[in-house]
Amino acid sequence: MKNAAKKIYIALIVLFLYAPIGTLMVLSFNASKTRAKWGGFSLQWYIALFQNEEILRALFNTLVIALVSSLFATVIGTIACIAMTGMKRQAKSILMGITNIPMLNADIVTGVSLMLLYISLGIRFGMGTILLSHITFNIPYVILSVMPRMKQLNPSTFEAALDLGSSPLNAFFKVVFPDLLPGILSGFLMAFTMSLDDFIITHFTKGVGVDTLSTKIYTEIKKGIKPEMYALSSLIFVIVLTLLILINLSPDKKEKELRYGGKNEKK
Amino acid sequence: MRKNKKSFGKITFALAVSFTAVSLCGCASSDKGVNGQVIVYNWGEYIDPETIRMFEEETGIKVIYDEFETNESMYPKVESGAVAYDIACPSDYMISRMIENGMLSEINYNNMPNAKENIGEQYYEQSCGFDPENKYAIPYCWGTVGILYNKTMVDEPITRWEQLWDKKYADNILMQDSVRDAFMVAEKRNGDSMNTLDLTELTAAKNLLIEQKPLVQAYVVDQVRDKMIGGEAAIGVIYSGEAIYTQKENPDLVYVIPEEGTNIWIDAWVILKNAPNKENAEKFIDFMCRADIALMNFDYITYSTPNVAARELIEDESIKNSEIAFPDLSQYENLETYVYLGEDGDSLYNELWKEVKAH
């Protein structure tokens, strides 16, 4: 009895989480443009999607921005973490507080203030401003996931490496970095998803003719969102799902590989 | 540790360099065409992309095309000057606001033969509501707001706004979820102007809307299309541009312009005051007024075109003579266009609308 209740509870949660996505995926195969009518099974929206240059360009922009901004944010955030370990306690907590504020801050405030900043500095809006903004709001997430890892680090290992004649940089990459890697990776992934997800900040800081997926979808509001977007969202969902399944199938092996890979790289 | 710091300094330096490189790339990417460029700010999905390509090919002018989703989100972007747009395509009341604030530049019709010839006289007349001397705006799309009803779900034909207050249609009515459109319905029912600022008239409209609220199934924006097609409601307030499409999907639907009069909306091209490429902007708008181009856009957008020459080219007689797409405006009385009400007027309307919604 108790077991059955448990199962029903889980089933309900899964249902509520995935029913909307399921609906969207079903509609992406609907031959009719309206959700109110089932016009038969069709792949026409998938075909139309790959012929629609604007959507593809928006998709490309989204991916490039997410990748580049999270890469930059990861490097900057990691360096900031390393710097913070060398700081006095008070300075450190002040700095941590400062990096936390943008995360708690409403996106719209960040977006508007970045826009005003760019205007007052006379920076031309375009790809560059979106990238700068995304790097800015991604950094705290990287710090958030690297910092705990940093605290667990044993400082003696780094000193031991120095004592054994290694240069500091070498010691860092061979001793400290591999231990930080899981934190850095999760920080990178976090930043990547945050950037993919973002609409509001991009909306305020984007330049003319540069669209990401989210801003592109939003402009379609007046005329109604086209089913091509359903098709694209379904594809993205399926790709992410398969990636997740693949990663989760062999978690141990992956982590080991990454650790040793990190050490071997610098040889 | 000191050595350590130095190498980090190097890394930071390298980062800074690559940063600037990235931002420079961003700036350089907007290359110009042989004959310069033109920056256009239009509604999303409001142009056939093919026409832009044709314009670029024929003139050698590069089009930088940007889209907005509401008049209200367009305005601050243009006003902030973050991007120097050449052309925008706002709606009637927003144009009057932009005129009032000196944001538009006057149109030189001598440079735009197509705009002068092809756009119907009656549409210029209608534009006078927000642009008194037709100095600033060239109509691009227009339509009416009316009632869409499902003839299998009502007892008698719907012809008046008044019937939206009929108790037998309780829970079967869809209203527009926007201040001006909702108040327009109530004001027109009372025989008042939809641009009124008279407090007694406004209070009467507000009370009517409150009275109607229990009968309304939902206040909707674009969901009205799908709900009406699916037969989820009997009567809905809808824009005429959507009506033809919904009828195609569900032949039981009928669109009427209510007898008490309604809103004629017009989206029009304007050239902004500080347009850096004014000549190209004129060329672009004039190109869009060319009959064949306007026809392509009409086919793509499906909203009524004010372009008389383009209408002549429509092959499908049923659309060419459609009462929905091209109603004979002289038949109706009390047709009006929204006008900007000023900041105080806007906040008054919003205040009253809040009272309705919160009731």
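None of the values given here were measured: they were computed from a predicted structure. (Residues numbered from 1 in each chain as written. Chains lettered and ligands numbered in written order. Predicted model: local features only at pLDDT ≥ 70, side-chain atom pairs only at ≥ 80, totals over all residues.)

Thoughts on the overall build of chain A
A tally of regular secondary structure across chain A gives 12 helices and 0 strands. Written out in order from the N terminus, the α and β elements of chain A read α-α-α-α-α-α-α-α-α-α-α-α. Referenced to the eigenvectors of the C-alpha coordinate spread, the extents of chain A come out at roughly 75 × 60 × 40 Å. Scored against the burial criterion, the 267 residues of chain A give a buried share of 31%. Across chain A, every contact between residues at least 6 apart in sequence was considered, and the portion connecting residues at least 24 apart equals 78%. (Helix = DSSP H or I, 4+ residues; strand = E, 2+ residues; numbered from the N terminus. Buried ≥ 20, exposed ≤ 12 C-beta atoms within 10 Å, placed from the backbone. Contact = placed C-beta atoms within 7 Å.)

Section: the overall build of chain B
Each helix and strand in chain B was counted, giving 15 helices and 10 strands. Dimensions of chain B, computed from C-alpha atoms along their principal axes, come out at roughly 85 × 60 × 40 Å. Each of the 359 residues in chain B was classed as buried or not, and the buried ones make up 42%. For chain B, the proportion of contacts with a sequence separation of at least 24, taken over those separated by at least 6, is 78%.

Notes on the domain arrangement of chain A
Residues and elements named next belong to chain A. The domain architecture assigned to chain A consists of domain 1 (1-42) and domain 2 (53-264). Using C-alpha coordinates to define each centre, domain 1 is positioned 31 Å away from domain 2. Between domain 1 and domain 2, the contact holds 7 residues from the first and 6 residues from the second. Residues that form the side of domain 1 that touches domain 2 fall into these classes: 4 nonpolar, 2 polar and 1 charged. (Domains from an automatic or database assignment. Nonpolar A, V, L, I, M, F, W, Y, C, P; charged D, E, K, R; others polar.)

Section: the nonpolar core
Counting 95 residues, the largest nonpolar core has Ile 87, Ile 138, Ile 235, Trp 269, Val 270 and Ile 285 of chain B as the members making the most contacts within it. The greatest single-element share of this core, amounting to 9 residues, is contributed by strand E5 (residues 137-150) of chain B. Both of domain 1 (37-142 + 266-330) and domain 2 (143-263 + 335-358) of chain B provide at least three residues apiece to this core. Other than its neighbours up to four places away in sequence, Trp 269 of chain B contacts Ile 87, Cys 89, Ala 137, Ile 138, Tyr 140, Ile 285 and Met 288 of chain B. Formed by 28 residues, the second largest nonpolar core is a distinct cluster that contains Phe 72, Val 75, Ile 130 and Met 147 of chain A. (Core = buried A, V, L, I, M, F, W, Y, C linked by C-beta atoms within 7 Å.)

Comments concerning the environment of Gln 37 of chain B
With respect to the helices, strands and loops of the structure, Gln 37 of chain B is situated in strand E1 (residues 37-43). Considered as a pair, Gln 37 of chain B and Asp 177 of chain B are 140 residues apart in the sequence and their alpha carbons are 38 Å apart.

Overview of unusual backbone geometry
Residue and element names in this part refer to chain B. Look at Asn 134: it is not a glycine, yet its phi comes out positive at around 55°. Along the polypeptide, Asn 134 turns up in the loop between helix H6 (121-127) and E5. Despite not being glycine, Asn 334 shows a phi value in the positive range, around 65°. Tracing the backbone through its elements, the reader meets Asn 334 in the loop between helix H14 (317-320) and helix H15 (342-358). A residue is classified by how many C-beta atoms lie within 10 Å of it, and Asn 334, with 14 of them, is partly exposed.

Some words on the packing of helix H1 (residues 2-28) of chain A against helix H11 (residues 227-249) of chain A
Residue and element names in this part refer to chain A. Where H1 contacts H11, the axes come no closer than 8 Å and their chain directions differ by 125°. Comparing their axes, H11 and H1 come out oblique. Here H1 runs over H11; the crossing is left-handed. Contact residues: Ile 21, Leu 24, Met 25, Leu 27 and Ser 28 in H1; Pro 227, Tyr 230, Ala 231, Ser 233, Ser 234 and Phe 237 in H11. (Axes fitted to C-alpha atoms, helices over the stretch in contact; angles between N-to-C directions. Parallel < 35°, antiparallel > 145°, perpendicular 65-115°, else oblique. Left-handed = near helix turned anticlockwise from the far one by under 90°.)

Observations regarding the confidence of the model for chain B
Residue and element names in this part refer to chain B. Residues at a pLDDT of 70 or more form 91% of chain B, whose mean pLDDT is 89. Low pLDDT, under 50, characterises residues 11-30; the stretch is placed with 20 contacts to residues that sit more than four places away or in other chains. The ipTM value of the predicted complex is 0.75, and its pTM value is 0.81. (pLDDT = per-residue confidence, 0-100.)

Details of the environment of Asp 181 of chain B
Residue and element names in this part refer to chain B. Locating Asp 181 in the fold gives a position in helix H7 (residues 179-189). For the pair Asp 181 and Ile 238, spaced 57 residues apart in sequence, the C-alpha separation works out to 9.7 Å. Ignoring anything within four residues of it in the chain, the contact list for Asp 181 reads Val 145, Gln 176 and Val 237.

Topic: the domain arrangement of chain B
Residue and element names in this part refer to chain B. With domains assigned, chain B is organised as domain 1 (37-142 + 266-330) and domain 2 (143-263 + 335-358). When each unit is reduced to the centre of its C-alpha atoms, the spacing between domain 1 and domain 2 is 27 Å. Contacts between domain 1 and domain 2 engage 18 residues on the former and 15 residues on the latter. The residue makeup of the side of domain 1 that touches domain 2, split by class, is 9 nonpolar, 6 polar and 3 charged.

What to know about helix H8 (residues 168-197) of chain A
Residue and element names in this part refer to chain A. Across its 30 residues, H8 extends only 38 Å between first and last C-alpha, which sits more than 12% below the 44 Å expected from 1.5 Å per residue. A maximum bend of about 55° is found in H8 at Phe 177, where proline Pro 178 lies one to four positions downstream. By the burial criterion, the buried members of H8 are Ala 171, Val 176, Leu 180, Gly 183, Ile 184, Gly 187, Phe 188, Ala 191, Phe 192, Met 194 and Ser 195. Its buried side turned inward, H8 meets helix H3 (53-85), helix H6 (127-152) and helix H7 (155-163). (Expected span 1.5 Å × (residues − 1). Bend = angle between axes of the 7 residues up to and from the residue.)

A word on the packing of H7 of chain B against helix H8 (residues 199-212) of chain B
Residue and element names in this part refer to chain B. Here H7 crosses H8 at 110°, and the two axes come no closer than 9 Å. Accordingly, the angle class assigned to the pair H7 and H8 is roughly perpendicular. Packed against H7, whose contacting residues are Ala 182, Phe 183, Ala 186, Glu 187 and Arg 189, the element H8 presents Glu 201, Ala 205, Leu 208 and Leu 209 at the interface. Taken together, the residues that form the contact of H7 with H8 break down as 6 nonpolar, no polar and 3 charged.

Some details on the pairing of strand E10 (residues 264-272) of chain B
All names here are of chain B. Summarising burial for E10: 9 of the 9 residues are buried, a large majority. Across 2 bridges, strand E3 (residues 87-88) lies against E10 in antiparallel orientation. The residue of E10 that forms the bridge with Ile 87 is Ile 271. Note: E5 against E10, 7 bridges, orientation antiparallel. Following the sheet pairing, Thr 144 is matched in E10 by Ile 264. (Pairing = 2+ DSSP bridges.)

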